[in-house]
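Descriptive structure summary
Residues per chain are reported as follows:
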Amino acid sequence: MAAKKQVVEIIALACSECKRKNYTTKKNRKTTQEKLELMKYCRWDRKHTLHKETKVK
Ligand SMILES: [Zn+2]
């Protein structure tokens, strides 16, 4: 039995300023090709910063 390819991937969103992984989210690889970049609140910086997609782990 071959393993199914997972379309929906769980990713982490890391703050671009302090590099902490503050959020996890899901991404559909078929519809989202590019790396996710979102403005999110970072409780460590106490402001909204750019959060970029990284691997969970
Ligand atoms: Zn931060």
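Residues numbered from 1 in each chain as written. Predicted model: local features only at pLDDT ≥ 70, side-chain atom pairs only at ≥ 80, totals over all residues.

Examining the pairing of strand S3 (residues 37-42)
Where S3 meets strand S4 (residues 47-55), six bridges bridge the pair, whose relative direction is antiparallel. Considered in S4, the bridge of Met39 is made with Leu50. Here S3 folds back onto S4, and the loop between the two strands holds four residues, one of which, Arg46, carries a positive phi near 55°. (Pairing = 2+ DSSP bridges. Helix = DSSP H or I, 4+ residues; strand = E, 2+ residues; numbered from the N terminus.)

So, unusual backbone geometry
Phi at Lys19 is positive, roughly 70°, even though this residue is not glycine. Here Lys19 lies in the loop between strand S1 (8-15) and strand S2 (21-28). Classification of Lys19 by C-beta neighbours within 10 Å gives exposed; the count is 10. Although it is not a glycine, Arg46 sits at a positive phi angle of roughly 55°. Mapped onto the elements of the fold, Arg46 is located in the loop between S3 and S4. (Buried ≥ 20, exposed ≤ 12 C-beta atoms within 10 Å, placed from the backbone.)

Things to note about the pairing of S2
In terms of strand pairing, S1 meets S2 through seven bridges, oriented antiparallel. Across the sheet, Ala12 pairs through a bridge with Thr24, a residue of S2. The hairpin turn running from S1 into S2, its antiparallel successor, is five residues long, and Lys19 in that turn takes a positive phi close to 70°.

Looking at the sheet that holds S2
Reading across from one edge, S2-S1-S4-S3 is the order of the four strands in this open sheet, with antiparallel pairing throughout. Only two strands of the sheet have a single neighbouring strand rather than two, namely S2 and S3. Direction aside, neighbouring strands of the sheet carry axes that sit 40° apart on average. Bridging between S1 and S4 involves five bridges; their strand directions are antiparallel. Opposite Leu13, over in S4, you have Glu53 as the bridge partner. (Axes fitted to C-alpha atoms, helices over the stretch in contact; angles between N-to-C directions.)

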